[in-house]
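Fold and contact review
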Amino acid sequence: MTTHVKFANTLSAAPCETCPACNAGHLRKLGINMENWDYVVALAGNPNTGKSTIFNALTGLRQHTGNWPGKTVARAEGGFAHGDKNFKLVDLPGTYSLLSTSMDEEVARDFILFGRPDVTVIVVDATHLERNLNLVLQVLEITNRAVVALNLIDEARRKKLTVDDRRLTRDLGVPVVPMAARSREGVPDLLQTIHQVATGQTVGKPHRIKNQHKILNQAIDTLAVKIETLFPGLPNARWVAMRLLDGDERLIQAVQRGELGDLQPGNLAQANNAPEIPLEVAS
Amino acid sequence: MTVNSTALPQNQRPPEPHETAESVLNLAAQLRWDVGGEFHEHLMEAIYTDAARIADRAVSYPEKPARFDMDRTIDNLVTSRIWGFPLMLLMLTVVFWITISGANYPSQFLGGILLDTVHQFLKNLAVIVGLPWWLSGLLIDGMYLATAWVVSVMLPPMAIFFPMFTLLEDFGYLPRVAFNLDNFFKKAGAHGKQALSMSMGFGCNAAGVIATRIIDSPRERLIAIITNNFAVCNGRWPTQILIATIFIGGMVSAQWAGFISALAVVSIALLGVLFSFVVSWGLSRSMLKGEVSTFSLELPPYRPPRIWQTIYTSVIDRTLIVLWRAVVFAMPAGAVIWLVSNIQLGGLSLAEYFINWTNPFGLLLGLNGIILLAYIVAIPANEIVIPTVLMLTALVLGAGGAGAGVMFDPNSLADTEALLRAGGWTLLTGVNLMLFSLLHNPCSTTIYTIFKETGSLKWTLVSTFLPIGMGFGLTFVVAQVWRLLAG
């Protein structure tokens, strides 16, 4: 167990959890009212894992939810307050991977990378953990300020699956919050965890993808060092290196234009002015 | 941050950002050469391996697998080769049957209040206040009546149809529909996910056009955008339902009327799906040639729908928003209708001029001049086609006597039917209106959305004029054949 990881809240129930009055005081749904936010939180995840349900539960908005993959194609934004902080929540389109080219997936990828959310919540379907982890591992390469919302544990229970969230927390190196968003189960925990990650009380030490091939690892490391020199303080140099090695045009452009360097972590004012992500097809 | 300038020896190249970016990219290009072309595959393999290992450690499965898997059993049934399509049709028919038979009574009730009582009250009030005739005509007979009509015709079917549709969506049925249709789309040279954007189009074509973003290939996405209009949308369901109830349901005995009208509406919806296939096929072999891309479609688990919440959100999200849009467009449209009916040039109103002028063409299509004018007035929103048709028909017949362009209270189906029959409508007019309602230009919101999504004037024009051209063609052929057979 590494000393960097302190997830008191996910490992033992917070005293407030059983007290509805206290919880109600913690969460204030702000709807689309989010002029002065302190932190930006992104909701990512595979299609149809309940991102919009969580979005609605936190913001009080009624973004239409539907049981089919691909419902959210653009990003939706809302706000909530927890404790003394205001959060802006961005609901991203569902995606299986950050390595492909369709427009809805690009919206998600670009926002996590260039929008620099303070916290990225990755919503996973507890009943299809393995498939969902593919995306989690990719997001963890980009950011260490992540929380995994292990959603649909009610479904998992129905299917008699048990998911060991502590084990998962240790293996992934970021907080894992079991929840059933449809019935609001785990929402207070999630809020608490988001708060802690946003304020830096909890610092994750995320899992790194282990390549089997030595030559690839060497290439990634060599390039990552160069990138870190070019953009000091960049938290995801390894991921940028992987994308450059894969010939990702968007990332090549970003390096050319120095877009990565403009967005240093914690530089909120600039993160908020992140380049508007085009949603239209240029044809 | 001064790492570059202090840590490096003086004789090294100065850290000029652009040059360094170049050097990083050059290094990347060189390394890419070294690692070979299989980098992507190796990376994916590493991710999958890690994910499998972590998941395996965290999840424990039940000792014995559940003997009866409900989801799989349902899936085997609703996506079966034999039962898939019949079940889909059955479900659609039942939904429309409930909508049609359930909407009738509340429609009549609302019509009685809004069109009779409130309208009369407002007219009386106008007399007491002493409004000039033209102002009370414009406000009450034009704007108010058109709005009241839209509300009483549209609200009940929408309040019944949308929650049912949303429940099916929540339950997880839509991806199964996509699964069933996938093969057809592939044969038509289109993307299988077009089935999903088409399903969205059944709610609203503008939303359907936006939903095509889930399709990665620009070629297949354009096909999906152009053909989305063949999915009958919100604004058109009430027209279909009303006309089917009057002209098709009217042909059979009362106990079968609801079922037969539902069948007629389902047939129109299926005809739209058929046109989707045919036009996709045509486009992918002419203007938009190319390979079909493959994709994997996830069939999500069935989830018990949360009934009350669904009803609440579908009433708020869909019904009220759509209704509000209809009302916003109905008010100015009501004013326009009243004005063109009351501004006279040489003894005839503007509307009559237009109707007389287009009537021969309309009759050639088995429609009439009034319907054509109504479709022009209704470009902003299809929802107001029926109210416009009724107001104009009443105008041409000179009925009501309360000034031109005023409906005589058609607050029951029988009254509406009597009005239309008096306007020279036959079963052919009804059928062709249903066909034309399926095949005409998208509403202005959808056209604008298409322009925004494609960024191309050319494809916007194609999406606009292709369906209306088809509509003219089809109604013309149907009218000619019909008249030939009828002698």
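In this text the structure is predicted, and so the values were computed from the model without any measurement. (Residues numbered from 1 in each chain as written. Chains lettered and ligands numbered in written order. Predicted model: local features only at pLDDT ≥ 70, side-chain atom pairs only at ≥ 80, totals over all residues. Heavy atoms only, no water.)

Regarding the overall build of chain B
- Within chain B, the regular secondary structure consists of 20 helices and 3 strands.
- Taken over 487 residues, chain B has a buried fraction of 52%.
- Once local pairs closer than 6 in sequence are excluded, the contacts in chain B between residues at least 24 apart make up 78%.
- Roughly 22300 Å² of accessible area belongs to chain B as shown, and the carbon and sulfur atoms make up 69% of that amount. (Helix = DSSP H or I, 4+ residues; strand = E, 2+ residues; numbered from the N terminus. Buried < 20%, exposed > 50% of the residue type's maximum accessible area, 1.4 Å probe, protein only. Contact = heavy atoms within 4.5 Å. Areas by Shrake-Rupley, 256 points an atom, 1.4 Å probe, with all protein chains shown as cover.)

Looking at the packing of helix α10 (residues 237-245) of chain A against helix α11 (residues 249-257) of chain A
Residue and element names in this part refer to chain A.
- In the contact formed by α10 and α11, the axes pass within 8 Å of each other and the chain directions differ by 120 degrees. By the angle between their axes, α10 is oblique relative to α11. Here α10 and α11 pass one another in a crossing that is left-handed. Contacts between α10 and α11 involve Trp239, Val240, Arg243 and Leu244 on the former and, on the latter, Leu251, Ile252 and Val255.
- Broken down by class, the residue content of the contact of α10 with α11 amounts to 6 nonpolar, no polar and 1 charged. (Axes fitted to C-alpha atoms, helices over the stretch in contact; angles between N-to-C directions. Parallel < 35°, antiparallel > 145°, perpendicular 65-115°, else oblique. Left-handed = near helix turned anticlockwise from the far one by under 90°. Nonpolar A, V, L, I, M, F, W, Y, C, P; charged D, E, K, R; others polar.)

Description of the pattern of salt bridges
Residues and elements named next belong to chain A.
- For the structure shown, the criterion picks out 17 salt bridges over all chains.
- The closest approach of N and O atoms between Arg208 and Glu141, which form a salt bridge, is 3.7 Å. Here the residue Arg208 occupies a position in the loop between α8 (187-198) and α9 (214-230), and Glu141 occupies one in helix α5 (residues 129-142), the gap between them amounting to 67 residues.
- The exposure class of Arg208 is partly exposed, given its relative accessible area of 29%.
- On the accessibility criterion, Glu141 (1% relative accessible area) is buried. (Salt bridge = Lys/Arg side-chain N within 4 Å of Asp/Glu carboxyl O.)

Observations regarding the interface of chain B and chain A
- Of the residues lining the interface, 65 residues belong to chain B; the matching set on chain A comes to 68 residues.
- For the pairing of chain B and chain A, the buried interface totals around 6400 Å² over both sides, and the portion due to carbon and sulfur atoms is 61%.
- One can count 1 salt bridge joining chain B with chain A.
- The partner of B:Arg57 in a salt bridge is A:Asp171, with the nearest N and O atoms 2.4 Å apart.
- If you look at where chain B meets chain A, you find 6 residue pairs in polar contact (both at pLDDT 80 or more).
- The element best represented in the side of chain B that touches chain A is helix α3 (residues 39-58) of chain B, accounting for 16 residues.
- A breakdown of the residues in the side of chain B that touches chain A according to their chemical character gives 37 nonpolar, 11 polar and 17 charged. (Buried area = accessible area lost by both parts, 1.4 Å probe. Polar contact = N/O pair within 3.5 Å; in protein donor to acceptor, adjacent residues only side chain to side chain.)

Considerations on the nonpolar core
- B:Leu181, B:Phe202, B:Trp237, B:Val389, B:Trp425 and B:Leu433 are the most contacted members of the largest nonpolar core, which totals 99 residues.
- The element contributing the most residues to this core is helix α6 (residues 133-171) of chain B, with 14 residues.
- A:Val124, A:Trp239, A:Leu244 and A:Ile252 belong to the second largest nonpolar core, which has 73 residues in total. (Core = buried A, V, L, I, M, F, W, Y, C linked by side-chain atoms within 4.5 Å.)

Concerning unusual backbone geometry
All names here are of chain A.
- With phi around 60 degrees, Lys160 is a residue other than glycine that occupies positive phi space.
- Positive phi values are uncommon outside glycine, yet Arg184 reaches one of about 70 degrees.
- By the element assignment, Arg184 lies in the loop between β8 (176-178) and α8.
- Exposure remark for Arg184: the relative accessible area of 40% places this residue in the partly exposed category.

Overview of the packing of helix α14 (residues 350-364) of chain B against helix α20 (residues 457-486) of chain B
Residue and element names in this part refer to chain B.
- Contact geometry of α14 with α20 gives a least axis separation of 8 Å together with a crossing angle of 70 degrees. By the angle between their directions, the pair α14 and α20 is classed as roughly perpendicular. The segment α14 lies against α20, with Phe361, Leu363 and Leu364 engaging Phe472, Phe476, Ala479, Gln480 and Arg483.

Things to note about the state of the cysteines
All names here are of chain B.
- Inspection of every chain in the model, using the stated rule, returns 0 disulfides over all chains.
- Sulfur of Cys233: no disulfide; nearest cysteine sulfur belongs to Cys443 and is 6.4 Å away.
- Judged by its relative accessible area of 9%, Cys233 is buried. (Disulfide = S-S within 2.5 Å.)

Considerations on a nonpolar patch on the surface
All names here are of chain B.
- A surface patch of nonpolar side chains, about 820 Å² in accessible area, is lined by Leu90, Val94, Trp97, Ile98, Met251, Val252, Trp256, Phe259 and Leu263.
- The set of elements that each furnish at least two residues to the nonpolar patch consists of α5 (84-129) and α12 (254-284).
- Per element, the largest residue contribution to the nonpolar patch is 4 residues, and it comes from α5.
- Its location among the elements puts Trp256 in helix α12. (Patch = residues over 30% accessible without salt bridge, like charges linked within 9 Å, V, L, I, M, F, W, Y side chains within 5 Å.)

Read these as spatial facts, not as claims about activity.
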